[in-house]
Amino acid sequence: MGAGGGAVNWLGWLHDFFADPAHRTGSDSIVHRLLEHLAFSAEALGLSALVALPLGLLIGYSGRGLFLVTAVAGVARALPTLGLVTLAVLLAGVGDTAVLLPLTALAAPPMLVAAAEGVRGTDPDVRDAARGIGLTHPQTLLRVCVPASAPTLLAGVRTASVQVIATATVAAYVGLGGLGRYVIDGLATRNYPTTVGGALLVVLLAVGVQLLFALLIRLAAPPGTRPGTRTRTRIRTRRTSGAAGDPVPDPASPPALVKDAP
């Protein structure tokens, strides 16, 4: 089959998927499956953030155990999620726990590393100044280090969110809902329109979350470090650095030689 025929096939499958009345209302509707998917993902991310973020902040502020945390996080990222789901089913049975445990294990490492590295990257002079004005260590961490490291923290949460949303399709593997229900059921029954439609919804959801966090990271960045701010500040400084009507000297040009008067 040529490329044109394949494209037509895919478009036809998507049309059949979205035109199916069963995907508009009821327990198998797109809205219902989407809410289930978001619920699984949010619960896993919440549990991960509850454990990983405070621990990462403390490790980054104290500087102790950072190498160990990075190494453990790297190993945890390599764990197969489907294998963890199967193990959780054998140990805890079919249910939410069988999905939440692997998803939580997947989301925790990026948050942990981002929190530790973000706080560690805070300017030491700023931290010393905060301590010099009488702030305690907890106050310095919460009032100085956390706001300064907000873009890094959000970047870690973004990575975890996209990974969890993309991997939450395994919930259908153990009989639960979510957008993965379309993918698993479609493959089992060779209903390719359902499989392709479900996969497309997962991709669109992950991309939407990625764009949302990109906006949040941009807003959380200090004003002087946002893209485009430095350029505007540099141009404004050059325009106002000289007197009215005087040319602004180029810092990169060599100094002009002044001839002594006879």
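Residues numbered from 1 in each chain as written. Predicted model: local features only at pLDDT ≥ 70, side-chain atom pairs only at ≥ 80, totals over all residues. Heavy atoms only, no water.

This part takes up the overall build of the protein. If you tally the helices and strands in the protein, you get eleven helices and zero strands. Going from the N terminus to the C terminus, the protein shows its helices and strands as α-α-α-α-α-α-α-α-α-α-α. The buried share among the 262 residues of the protein stands at 36%. Summarising the internal contacts of the protein: among those between residues at least 6 apart in sequence, 74% fall at separations of at least 24. When the accessible area of the protein is evaluated, it comes to approximately 15,500 Å², of which 67% is carbon and sulfur surface. (Helix = DSSP H or I, 4+ residues; strand = E, 2+ residues; numbered from the N terminus. Buried < 20%, exposed > 50% of the residue type's maximum accessible area, 1.4 Å probe, protein only. Contact = heavy atoms within 4.5 Å. Areas by Shrake-Rupley, 256 points an atom, 1.4 Å probe, with all protein chains shown as cover.)

Time to look at a nonpolar patch on the surface. Side chains of Val31, Leu34, Leu35 and Leu38 sit close together on the surface and give an oily, nonpolar patch of about 330 Å² of accessible area. One can find leucine 38 in helix H2 (residues 30-62). In this structure leucine 38 comes out as partly exposed when scored by relative accessible area, which is 34%. (Patch = residues over 30% accessible without salt bridge, like charges linked within 9 Å, V, L, I, M, F, W, Y side chains within 5 Å. Salt bridge = Lys/Arg side-chain N within 4 Å of Asp/Glu carboxyl O.)

It is worth spelling out the pattern of salt bridges at this point. All chains considered together, the criterion is met by three salt bridges. Measuring nitrogen to oxygen at the nearest pair gives 3.1 Å for the salt bridge that ties arginine 33 to aspartate 28. The class for arginine 33 is buried, based on a relative accessible area of 12%. Given a relative accessible area of 25%, aspartate 28 falls into the partly exposed group. Among the salt bridges present, the one from aspartate 185 reaches arginine 181, with a minimum N-O distance of 3.0 Å. Of the two residues, aspartate 185 and arginine 181 are both situated in helix H9 (residues 180-189); the distance of four residues between them amounts to about one turn of the helix.

Okay, unusual backbone geometry next. With phi around 55°, arginine 190 is a residue other than glycine that occupies positive phi space. Structurally, the position occupied by arginine 190 is in the loop between H9 and helix H10 (192-220).

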